[in-house]
There are 2 protein chains.
Amino acid sequence: MTLLSDHSHSLPCQPDQAALRQRLATAGLRATTQRILILESLLLLPGHPTAEQVHRQVVLTEPTVSLGTVYKTLDSFVAAGLTKRVASTEGACRRYDSDCTAHHHLYCTDTKEIIDYSNPELDALIRTFFATHGLENFQPHSFSLHIAGSRIS
Amino acid sequence: MTLLSDHSHSLPCQPDQAALRQRLATAGLRATTQRILILESLLLLPGHPTAEQVHRQVVLTEPTVSLGTVYKTLDSFVAAGLTKRVASTEGACRRYDSDCTAHHHLYCTDTKEIIDYSNPELDALIRTFFATHGLENFQPHSFSLHIAGSRIS
DNA sequence: ATGCTTGCAAACTCTTTGCACACCA
DNA sequence: TGGTGTGCAAAGAGTTTGCAAGCAT
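Residues numbered from 1 in each chain as written. Chains lettered and ligands numbered in written order. Predicted model: local features only at pLDDT ≥ 70, side-chain atom pairs only at ≥ 80, totals over all residues. Heavy atoms only, no water.

Chain A goes by Transcriptional repressor in an unreviewed UniProt entry, where it is assigned to Hymenobacter nitidus. In the Sequence similarities (unreviewed entry) part of its UniProt record, chain A is described as follows: "Belongs to the Fur family." (UniProt positions renumbered as here; feature names shortened; annotations may be inferred.)

Trainee: How do you make sense of the relation of the copies chain B and chain A when you look at a structure like this?
Mentor: Superposing the two chain copies requires a rotation about an axis and a translation along that axis. Rotating chain B by 180° and moving it 0.1 Å along the rotation axis overlays it on chain A with an RMSD of 0.3 Å. Classification of the inter-copy transformation places it as that of a two-fold axis. Considering only C-alpha atoms, the residue of chain B closest to the rotation axis is B:L145, which sits at 2.1 Å. Of the interface residues in chain B, 98% have counterparts in chain A that sit at the interface too, so the contact is made through matching surfaces. (Least-squares fit on C-alpha atoms with pLDDT ≥ 70 in both. Contact = heavy atoms within 4.5 Å.)

Trainee: For this particular structure, what's the right way to read the nonpolar core?
Mentor: Where a protein is soluble and globular, its nonpolar side chains tend to be buried together. Membership of the largest hydrophobic core comes to 25 residues, with the highest contact counts inside it found for A:F130, A:I147, B:F130 and B:I147. Residue assignment for this core shows that the elements contributing at least two residues are β3 (104–108), α5 (120–132) and β5 (138–151) of chain A together with β3 (104–108), α5 (120–132) and β5 (138–151) of chain B. The element best represented in this core is α5(B), accounting for five residues. Leave out the neighbours within four places in its chain, and B:F130 touches A:Y117, A:L122, A:L145, A:I147, B:L135 and B:F143. (Core = buried A, V, L, I, M, F, W, Y, C linked by side-chain atoms within 4.5 Å. Buried < 20%, exposed > 50% of the residue type's maximum accessible area, 1.4 Å probe, protein only. Helix = DSSP H or I, 4+ residues; strand = E, 2+ residues; numbered from the N terminus.)

Trainee: Explain the protein's contact with DNA strand D to me, please; I cannot follow it from the model alone.
Mentor: Taken together, 17 residues lie near DNA strand D, and A:Y71, A:R94, B:T32, B:Q34 and B:T69 sit nearest. Per the 4 Å cut-off to the protein, sugar and phosphate atoms form 77% of the nearby atoms of DNA strand D. Contact between DNA strand D and A:A31: a phosphate oxygen at 3.3 Å from a main-chain N or O atom of the residue. Take B:K72: an N or O atom from its side chain is 3.0 Å from a base oxygen of DNA strand D. (Near = heavy atom within 4 Å. Polar contact = N/O pair within 3.5 Å; in protein donor to acceptor, adjacent residues only side chain to side chain.)

Trainee: Teacher, can you tell me more about the side chain of B:H104 here?
Mentor: When you line up the elements, B:H104 lands in strand β3. Within the structure, the side chain of B:H104 is placed 2.8 Å from the backbone nitrogen of B:L145, a separation counted as a polar contact.

Trainee: Explanation requested: the interface of chain B and chain A in the structure shown.
Mentor: When the parts of a complex come together, some accessible area is lost, and that lost area is often used as the size of the interface. Of the residues lining the interface, 41 residues belong to chain B; the matching set on chain A comes to 40 residues. Approximately 3400 Å² of surface area, both sides summed, lies buried where chain B meets chain A, with 65% of it carried by carbon and sulfur atoms. Sorting the residues of chain B by area buried against chain A places B:T89, B:F129 and B:F138 first, and these three jointly supply 19% of that buried surface. Along the contact surface separating chain B from chain A lie zero salt bridges. The interface formed by chain B and chain A contains 13 residue pairs in polar contact (both at pLDDT 80 or more). Listing elements by their share of the side of chain B that touches chain A, those giving two or more residues are β1 (84–86), β3, β4 (114–117), α5 and β5 of chain B. Per-element accounting of the side of chain B that touches chain A gives the leading share, 14 residues, to β5(B). Residue composition of the side of chain B that touches chain A, by class: 22 nonpolar, 14 polar and five charged. (Buried area = accessible area lost by both parts, 1.4 Å probe. Salt bridge = Lys/Arg side-chain N within 4 Å of Asp/Glu carboxyl O. Nonpolar A, V, L, I, M, F, W, Y, C, P; charged D, E, K, R; others polar.)

Trainee: Help me understand the pairing of strand β4 (residues 114–117) of chain A, please; the structure alone is not making it clear to me.
Mentor: Regular strands place side chains that alternate from one sheet face to the opposite one. Residues and elements named next belong to chain A. Pairing between β3 and β4: four bridges, direction antiparallel. In the sheet register, L106 faces β4, and the bridge partner there is I115. Counting the residues in the hairpin turn of β3 and β4 gives five residues, including K112, whose phi is positive at 65°. (Pairing = 2+ DSSP bridges.)

Trainee: Could you clarify how one ought to interpret the protein's contact with DNA strand C in this entry?
Mentor: In the vicinity of DNA strand C, 18 residues are found, and the nearest of them are A:T32, A:Q34, A:T69, B:Y71 and B:R94. Sugar plus phosphate, as a fraction of atoms of DNA strand C within 4 Å of the protein: 73%. Here A:T69 contributes a side-chain N or O atom positioned 2.6 Å from a phosphate oxygen of DNA strand C. A distance of 3.2 Å separates a base oxygen of DNA strand C from a polar side-chain atom of B:K72. Breaking the surface near DNA strand C down by element, the ones donating at least two residues are α2 (33–44) and α4 (67–80) of chain A together with α4 (67–80) of chain B. Classifying every residue of the surface near DNA strand C gives five nonpolar, six polar and seven charged.

Trainee: Explain the sheet that holds β4(B) here, please?
Mentor: Paired through backbone hydrogen bonds, the strands of a sheet run either parallel or antiparallel to each other. Strands sit in the order β4(A)-β3(A)-β5(A)-β5(B)-β3(B)-β4(B) across an open sheet of six strands; the sheet is mixed. The sheet is open, and its two edges are formed by β4 of chain A together with β4 of chain B, each paired on a single side. Averaged over all adjacent pairs, the angle separating strand axes in this sheet is 30°, with direction ignored. Summarising the sheet, β5(A) and β5(B) pair through 13 bridges and their orientation is antiparallel. Its bridge partner being in β5(B), A:R151 is matched across the sheet by B:F138. Lying over the sheet, α5(A) contacts β3, β4 and β5 of chain A together with β4 and β5 of chain B, oriented at roughly 135° with respect to β5(A). (Axes fitted to C-alpha atoms, helices over the stretch in contact; angles between N-to-C directions.)

Laid out in structure tokens, this is it:
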């Protein structure tokens, strides 16, 4: 099995292999070829890819990586906090989000798209609300607002 | 603090069969025995039942109802707006929510429970926020805040 | 060297589908 | 009666698992 080859086709602002290894190490995960590739693919793919989509991307570079490994790896990424799973009412399959910073989602009811949305003012508003109106018997640690609606063109 | 929207809260009283027929008719659905039972079970079951759980409940009264019918029926309920599907990052299976009024969800990271949460003040806060800070290219029509955290005993 | 990871394929779970029969409007 | 809805069983999609062999540390 070859190590990560140089990617003449890869996008400009992609983290290099050393940075990916570092991220894995920080998360307490061994830096295997597969994990590096899967992490790279997650960061590369737009939107909220499924395990299947990540696999398709990974296989371009390393055709022997199995879908099962992608599932196991994505699970370990989620467990390690490298990745999140996106909540969705639509579709049967899981979607992953490489953006682990707090953010919200716009759900387009027409196109079924899930669009990332960040707004620090909104975050502050919500945090302040729960700081003053504490929930009973529940300690919140993160919030995500799901905004359903439709795109205006 | 902004005024609360008026919040007429009806307890989950058991609608009789005539009321259920009426709800189905209003939604444009034929009132079959199965649909009446499934709707009744949805309203009866606490939390956010899966198709499987609804089926188990329905079969107590009418043992011949098939799981396939429960799936088809729940889909038609969602399409008709009688029921919602709950978004979840956890678990593989779909959950349904008979409460079609706007509300939020607490996701307990320990027990994986999904707990309903309503707070008109919070709703007003969010609505006000988006009324003043409109989204670009997006017309929101509903909001649901997902609050992850853990129960305190 | 040790123990975590991987690939493979089979098993599993959840959901959908096709079709003949049954039923509501 | 006509057109929908239902039951059944098989198929399909997505995900998990067990184990032998392969790597990272």
